[in-house]
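Here is what each chain is made of, one letter per residue.
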Amino acid sequence: MCGIVGYIGTADAKEILLRGLEKLEYRGYDSAGIAIANERGVHVYKEKGRIAALRDVVDTSEESVVGIGHTRWATHGPPSQVNAHPHQSATSRYTIVHNGVIENYEQLRREFLPHVNMVSETDTEIIVQLVDSFAKDGLTTEQAFRKTLSQLQGSYATALIDNQDQETIYVGKNKSPLLIGLADGVNVVASDAMAMLQVTNEFVEIEDKEIVIVTREQAQIKKLNGDEVDRGSYIAELDSTDIEKGTYPHFMLKEIDEQPFVMRNIISKYKADDESIKLDEDVRQAVTQADRIYIIAAGTSYHAGLVGKEMIEKIAGIPVETHIASEFLYNMPLLSDNPLFIFISQSGETADLRGVLVNVRQMAHPSLTITNVPGSTLSREADYTLHTHAGPEIAVASTKAYTAQMAVFAILAVDAAQARGVEIDFNPLQELAIVANAMEIFTEKKDLMEEAAQEYLSVSRNAFFIGRSIDYYVCMEGALKLKEISYIQAEGFAGGELKHGTIALIEEGTPVIGLATQKDVNLNIRGNMKEVVARGANPCFISMEGMEEEDDAIVIPKIHPYLTPLVSVLPMQLISYYAALHRGCDVDKPRNLAKSVTVE
Ligand code: M6R
């Protein structure tokens, strides 16, 4: 979703801003812009489409050592040059970039700016016009900025520059992520540390309803009432090579290939010296004391949460419900007496989850975030965090984070079982090593996966994925992967449910991908496949060693039944990748999607 960068230092600001925006491209956007300041004023360049298009309109002869930049994912008003950020006040004194959604912008406009002509359709423009209007009333820029932010309802991360004081960037945040990066004589602003690793790896977090006055020499944090805040910095443990594609054509393919390494990394992070599971005692207690666990998630993470429920219930014997965050937020079920909330999120920034977390904290229930980004909002605001250790995931389509989430659930489930004295014959650390080897087999079988994509998906408008029990959840994920990057309409169904309606959609040649890794439902799902084949479907059956039959298209190596999703999803990821590639889709940046979904 939208991304912000800011720079104040001594080097060429526009190149640093543009490079920073390129690092934020993965978040998803539809227009981009920068503003740079110099003795001739503040120069705004913005364009619909990719950063490459923005580069074409930037005047390379304008030099500047201060500026702000933005990638916009449209919410208020369509993607266009006019609606792209930065936006300026009517006098052109102030220039702003903003992420988030201002819920009361119409009301603010009527109350404070009835005579101001708005140029764009965005909610953002209200902010910059308000600052200008309050400054005209005699407030300093800082006072006008704080007064403006105090009026806003909704979410924002914002950076503002003042043409009359080009030595300062004013930054504010509420609910949307934003960081300040510190270096010697240089300070930067970024939605994501990755954007500014080119300048520094030392960052300071900003909390909600704080502002930061950023100059070359310092970053002064204040509350909206002007009280100063003292906060230390931290070093981002990110390697800039982690966010490069290297020799890969796409991040998605690189990240699919990284899954065996991620598994081994998780094993090493969660293994104690005596080979047992290493987990914080606090987390263990929180899990074992719960009478019911509520897993809250969205998209792919929700699919991992469905598998997590199976693992925790079957291994540890604790009842679990998995909920879609945006539904739970406004339609909460009756809760048990001692619930634990587990928020599962690759980015740790998803607004729907954060909405639930805020409510959970108000109700004083314990919360655990499982995330790939430990310093993220959900990680900071929950009581406990478990890290998925997958390394930065850049492609919008989640792959390695999904399998990492399920691996962490397996470890958590077994740890809880052991703490509760439940006898189990399942060592997740050993079994994950087998998973890693099995994953490697698929990453080496790309030709076969490419052929399968050609055979089943080259011409079809739609596709179905069917499975039963835990395989059903993998089918939901396989379908999501295919639709989000190839735009083929795809659905994951419980095999037994097809005949209750959806089978009407099966016609000659409709691709149906069937999955069977669970012995107890193997014959049932094979029966369901026969039903669709009898109606003309083009079947692609994925099974597992020990259960395979002659015509099965893909056979995964034998894996412990709890962990089969970690391997059975690989052929689906790869087939989706090649289907998208052959259709000429932008695999890493699919249309309309954002990596980090920071609006509700
Ligand atoms: O960062 P999160 O895991 O909270 O994100 C949740 C979803 O937005 C995300 O999984 C989305 O569905 C992916 N594009 C799937 O590939």
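Residues numbered from 1 in each chain as written. Predicted model: local features only at pLDDT ≥ 70, side-chain atom pairs only at ≥ 80, totals over all residues. Heavy atoms only, no water.

Engineer: So what's going on with the domain arrangement of the chain? Residues and values would help.
Structural biologist: Accessible area lost when the parts come together is the quantity often used to give the size of an interface. Taken domain by domain, the chain holds domain 1 (3–241), domain 2 (248–442) and domain 3 (445–583). Using only C-alpha atoms to locate each centre, domain 2 and domain 3 end up separated by 25 Å. Across the contact, 37 residues belong to domain 2 and 32 residues belong to domain 3. Summing the contributions of domain 2 and of domain 3, the shared interface buries around 3000 Å²; its carbon and sulfur component is 76%. The closest approach of N and O atoms between K446 and D257, which form a salt bridge, is 2.9 Å. Applying the counting rule to domain 2 against domain 3 returns ten residue pairs in polar contact (both at pLDDT 80 or more). At the level of secondary structure, the elements contributing two or more residues to the side of domain 2 that touches domain 3 comprise α7 (251–257), α8 (259–269), α10 (299–316), α14 (400–419) and α15 (428–443). Considering each element in turn, the side of domain 2 that touches domain 3 owes the most residues, ten residues, to α10. (Domains from an automatic or database assignment. Contact = heavy atoms within 4.5 Å. Buried area = accessible area lost by both parts, 1.4 Å probe. Salt bridge = Lys/Arg side-chain N within 4 Å of Asp/Glu carboxyl O. Polar contact = N/O pair within 3.5 Å; in protein donor to acceptor, adjacent residues only side chain to side chain. Helix = DSSP H or I, 4+ residues; strand = E, 2+ residues; numbered from the N terminus.)

Engineer: Explain the sheet that holds strand β17 (residues 320–324) to me, and be specific about the residues and the numbers.
Structural biologist: Judged by pairing direction, the sheet is parallel, and its five strands sit side by side in the order β17-β16-β18-β19-β20 without closing on themselves. Each having just a single partner strand, β17 and β20 (384–387) make up the two edges of the open sheet. Taking the axes of each pair of neighbouring strands and ignoring which way they run, one obtains an average angle of 20° across the sheet. In the sheet, strand β16 (residues 292–297) pairs with β17 via five bridges, with the strands oriented parallel. Paired with I296 across the bridge in β17 is H323. Across the sheet, helix α9 (residues 281–289) is in contact with β16, β18 (339–345), β19 (367–371) and β20; its angle to β20 comes to roughly 110°. This element, α10, spans β16, β17 and β18 of the sheet and lies at about 175° to β17. (Pairing = 2+ DSSP bridges. Axes fitted to C-alpha atoms, helices over the stretch in contact; angles between N-to-C directions.)

Engineer: Could you give me a rundown of the site of the ligand, with the residues and numbers involved?
Structural biologist: Taken together, 15 residues form the shell around the ligand, and within it S301, S345, S347, T350 and E484 come nearest. One of the backbone N or O atoms of V396 is found 3.1 Å from a nitrogen atom in the ligand. Contributing elements (two or more residues each) for the shell around the ligand: α10 and α17 (470–486). Partitioned by chemical class, the residues of the shell around the ligand number five nonpolar, eight polar and two charged. For the shell around the ligand, the domains that each give at least three residues are domain 2 (248–442) and domain 3 (445–583). (Near = heavy atom within 4 Å. Nonpolar A, V, L, I, M, F, W, Y, C, P; charged D, E, K, R; others polar.)

Engineer: Could you give an account of the packing of aromatic side chains, with specific residues and numbers?
Structural biologist: Across all of its chains, the model carries eleven aromatic pairs by this definition. Between F112 and F134, the ring centres sit 5.4 Å apart and the planes meet at 85°, which makes this aromatic pair edge-to-face. A residue pair is termed long-range when its members are at least 10 positions apart, and F112 in helix α3 (residues 105–112) and F134 in helix α4 (residues 124–136) qualify at 22 residues. Residue class for F112 comes out partly exposed when judged on its relative accessible area of 25%. Taken together, the ring pairs connect Y294, F328, F341 and F343 into an aromatic cluster. Here the basic side chain of K445 rests over the ring of F442, its NZ or CZ set 5.6 Å away from the ring centre. Taking NZ or CZ as reference, R591 lies 3.8 Å from the ring centre of Y487, over its face. (Phe/Tyr/Trp six-rings, centres within 6.5 Å; stacked < 30°, edge-to-face > 60°. Buried < 20%, exposed > 50% of the residue type's maximum accessible area, 1.4 Å probe, protein only. Lys NZ or Arg CZ within 6 Å of the ring centre and 35° of its normal.)

Engineer: Break down the pairing of strand β12 (residues 210–214) for me, with residues and values.
Structural biologist: With respect to burial, β12 is a largely interior element, five of its five residues being buried. Side-chain alternation along β12 places E210, V212 and V214 on one buried face and I211 and I213 on a second face that is also buried. With five bridges connecting them, strand β8 (residues 165–174) and β12 associate as antiparallel partners. Bridging from a neighbouring strand, V171 pairs with V212 of β12. Sheet topology note: the β12/strand β13 (residues 219–223) ladder contains five bridges and is antiparallel. The partner of V212 across the bridge, within β13, is I221. As consecutive antiparallel partners, β12 and β13 are separated by four residues.

Engineer: Tell me about the sheet that holds strand β24 (residues 538–544), residues and numbers included.
Structural biologist: Hydrogen bonds between backbone groups are what pair the strands of a sheet, and the pairing can be parallel or antiparallel. Reading across from one edge, β22-β21-β23-β24-β25 is the order of the five strands in this open sheet, with parallel pairing throughout. Strands with a single pairing partner mark the edges of an open sheet, and in this sheet they are β22 (489–494) and β25 (554–556). Mean inter-strand twist for the sheet, computed between neighbouring axes without regard to direction, equals 15°. Two elements, strand β21 (residues 462–467) and strand β23 (residues 511–516), share three bridges in a ladder whose sense is parallel. Residue F465 lies in a different strand from β23, and its bridge partner there is I513. The sheet contacts of helix α19 (residues 564–582) involve β21, β23, β24 and β25, and relative to β25 the element is tilted by about 150°.

Engineer: A description of helix α5 (residues 141–151) should follow, citing residues and the corresponding values.
Structural biologist: Of the residues making up α5, those classed as buried are T141, E142, A144, F145, R146, T148 and L149. Tucked inside the fold, the buried residues of α5 contact β6 (94–99), α4, β7 (156–162), β8, β12 and β13.

Engineer: Break down the environment of N427 for me, citing the residues and quoting the values.
Structural biologist: Position of N427 among the secondary structure elements: in the loop between α14 and α15. At a separation of 2.9 Å, a polar atom in the side chain of N427 contacts the main-chain amide nitrogen of L429.

Engineer: I'd love a proper account of the environment of K483, names of residues and values included.
Structural biologist: Inspection of the secondary structure puts K483 in helix α17. Under the relative-accessibility criterion, K483 is labelled partly exposed at 29%. Counting along the chain gives 118 residues from K483 to H365, while the straight-line C-alpha distance between them is 36 Å. When sequence neighbours within four positions are dropped, the list of residues in contact with K483 reads I488, A490 and E491.

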